[in-house]
Amino acid sequence: MSRKSIYIAFLACLLAACGSKNEQPITPPWGEVSDSVDAVGDFDLDDIQGSGEMILLTLTGPEYYYDYRGRQLGTQYLLAQKFAATLGVRLRVEVCRDSVEMVQRLNNGDGDIMAATQVGRLVASPKKDDLAHELQSWYSPTLLDEVRREEAQLLSSNSVKRHVYSPMLDRKGGIISHYDQFFIQYSRPIRWDWRLMAAQCYQESTFDPKAKSWAGACGLMQIMPATADLLGLPRDKMFDAEHNIRAAAKYLAQLENSLLDIRDRRERTNFILASYNGGIHHIRDAMALCQRDNRNPHQWANVREYVLKLAQPRYYNDPIVKHGYMRGSETADYVDKIQQRWESYRGVKSPRHGFTQQPRKAQRQTNKYKL
């Protein structure tokens, strides 16, 4: 059975009606019949609920849809996700290059609803079928603001549950954290400076082994569950300090192997850190833009500029970009802060006579923090 095209636009803001007492009622972000769209097939609400899946056609961008550290965000995506939840179905996303492709795919029956933010253009299913009516009755004008508040909260620092520890435990004693022995042990095989790994850990969790983000990132090095599975880190060990650090070291090694085209190791370290935070695919997009503009794509100072530019439609909609919008300012800041902290840690020497037993004692102390 082919899918029925339902031309529905989720708008970023509502179109204000004209007039006074005879104003039209507030229209939800889908609306009037579009004469330019033909319905295809008869895959309607009952069929969608029977299949257990609704397909959203969308663009990339902060108002639409984007990947953020392994989780999906975007105002229109979150709105569509809420609607799918009311139907009791999962939401599958198909990202289109532009609005023309979205309309074409919708007409071909490749999706059920379409996300858009075109102020003043309200369109809906030309037959006003069951799905359109369900969507119409579900929507309320406060939903969009509610979704935006939720997204802002998720992206704030308040969304990470953690206890903030000191960035330096004992400078005179040469102890950065309670977990130095693990940084030393697991940085050696990957030939990383253990103090750099400690600086990264502080940026991720402020040395709290129980830290957890809204996105599900866990532990000292804020490892996502899906990443943990790929690294062989059991989920019941994600908050264990040693297991978490060991898995992070393995992940850093994998990223390094994927970035060996960057021959200068100091430069490569910046790219690894950026990939750990923002995703290697976004970093490769930034490198491609940099190379297109005849700049050295293996120098972080150059690529950093394009990481920031991937927050702009002109760049994340460029045909050379394969993975869309990126919250580049966060990733650039992440690398900067780790490098600054690493510089402050570089005066700390490794223990001369084996490892201290401090981490075990510290673990008992941190267990009192319930997050």
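Residues numbered from 1 in each chain as written. Predicted model: local features only at pLDDT ≥ 70, side-chain atom pairs only at ≥ 80, totals over all residues. Heavy atoms only, no water.

Helix and strand counts for the protein stand at 15 helices and six strands. Classification of the 371 residues of the protein by burial places 49% in the buried group. Counting only carbon and sulfur atoms, one obtains 47% of the accessible surface of the protein, whose full area is about 18000 Å². (Helix = DSSP H or I, 4+ residues; strand = E, 2+ residues; numbered from the N terminus. Buried < 20%, exposed > 50% of the residue type's maximum accessible area, 1.4 Å probe, protein only. Areas by Shrake-Rupley, 256 points an atom, 1.4 Å probe, with all protein chains shown as cover.)

All told, the structure shown has 21 salt bridges when counted by the stated rule. Across the pair Arg-105 and Asp-110 runs a salt bridge whose closest N-O atoms are separated by 3.8 Å. Among the ionic pairs, Glu-330 bridges to Arg-327, the shortest N-O distance being 3.4 Å. Through salt bridges with shared partners, one network takes in Glu-53, Arg-90, Arg-92, Glu-94, Glu-101, Arg-105 and Asp-110. (Salt bridge = Lys/Arg side-chain N within 4 Å of Asp/Glu carboxyl O.)

Think of a ball as big as a water molecule: rolled over the atoms, this probe shows where empty space is left. All told, the structure shown has one cavity of 30 Å³ or more when counted by the stated rule. Its boundaries defined by the atoms lining it, the largest cavity holds a volume of some 60 Å³. Residue lining of the largest cavity: Asp-67, Tyr-68, Arg-69, Asn-277, Gly-278, His-282, Met-326, Arg-327, Glu-330 and Thr-331, and that is the complete set. Elements supplying a minimum of two residues to the lining of the largest cavity: β3 (66–68), α10 (265–278) and α14 (328–345). In the lining of the largest cavity, the residues fall into two nonpolar, four polar and four charged. (1 Å grid on protein atoms, 1.4 Å probe; cavity = no way out; pocket = protein on both sides within 12 Å on 5 of 7 lines; lining within 4 Å. Points joined across faces, edges and corners; volume = space filled by probe spheres on them. Nonpolar A, V, L, I, M, F, W, Y, C, P; charged D, E, K, R; others polar.)

For Gly-109, the location among the structural elements is in the loop between α3 (99–107) and β6 (113–115). The class of Gly-109 is buried, set by a relative accessible area of 10%. Taking the C-alpha atoms as reference points, Gly-109 and Phe-43, separated by 66 residues in sequence, lie 8.7 Å from one another.

All right, on to the environment of Cys-290 then. If you trace the backbone, Cys-290 turns up in helix α11 (residues 280–292). Separated by 14 residues in the primary sequence, Cys-290 and Arg-304 have C-alpha atoms spaced 9.4 Å apart. If near-sequence neighbours (up to four positions away) are discounted, Cys-290 is found in contact with Arg-295, Asn-296, Pro-297, Asn-302, Val-303 and Tyr-306. (Contact = heavy atoms within 4.5 Å.)

What follows concerns helix α12 (residues 300–309). Listed as buried for α12 are Trp-300, Asn-302, Val-303, Tyr-306 and Val-307. Down the axis of α12, the buried set is contained in an arc of 155 degrees. They therefore lie on one face. Packed against the buried residues of α12 are α10, α11, α13 (313–316) and α14. (Arc of directions from axis to C-beta.)

Within the secondary structure, Ser-275 sits in helix α10. Leave out the neighbours within four places in its chain, and Ser-275 touches Leu-255, Leu-259, Ile-280 and Ile-283.

Moving on, we get to the nonpolar core. Met-54, Phe-183, Met-221 and Ile-245 are the most contacted members of the largest nonpolar core, which totals 101 residues. The residues contacting Phe-183, other than those within four sequence positions of it, are Ser-177, Trp-194, Met-197, Ala-198, Cys-201, Phe-207 and Ile-245. (Core = buried A, V, L, I, M, F, W, Y, C linked by side-chain atoms within 4.5 Å.)

A word on unusual backbone geometry. In this model, Thr-206 sits at a positive phi of 50 degrees, which is unusual for a non-glycine residue. Structurally, the position occupied by Thr-206 is in the loop between α7 (194–205) and α8 (225–231). According to the relative accessible area criterion, Thr-206 is buried, its value standing at 7%. Unlike most non-glycine residues, Asn-294 shows phi in positive territory, near 60 degrees. Along the chain, the position of Asn-294 falls in the loop between α11 and α12.

So, about the packing of helix α6 (residues 180–187) against helix α9 (residues 241–258). With their axes 9 Å apart at the nearest point, α6 and α9 run at an angle of 30 degrees to one another. Viewed along their axes, α6 and α9 form a crossing whose handedness is right-handed. Taken together, the residues of α9 that come into contact with α6 (itself represented by Phe-182, Phe-183, Gln-185 and Tyr-186) are Ala-241, Glu-242, Ile-245, Arg-246 and Ala-249. Taken together, the residues that form the contact of α6 with α9 break down as six nonpolar, one polar and two charged. (Axes fitted to C-alpha atoms, helices over the stretch in contact; angles between N-to-C directions. Left-handed = near helix turned anticlockwise from the far one by under 90°.)

Contact geometry of α10 with α14 gives a least axis separation of 9 Å together with a crossing angle of 130 degrees. Compared by their axis directions, α10 and α14 come out oblique. Our pair here, α10 against α14, has a crossing hand that is right-handed. Packed against α10, whose contacting residues are Arg-266, Asn-270, Leu-273, Ala-274, Tyr-276, Asn-277 and Gly-278, the element α14 presents Glu-330, Thr-331, Tyr-334, Val-335, Ile-338, Gln-339 and Trp-342 at the interface. Its residues assigned to classes, the contact of α10 with α14 comprises seven nonpolar, five polar and two charged. (Parallel < 35°, antiparallel > 145°, perpendicular 65-115°, else oblique.)

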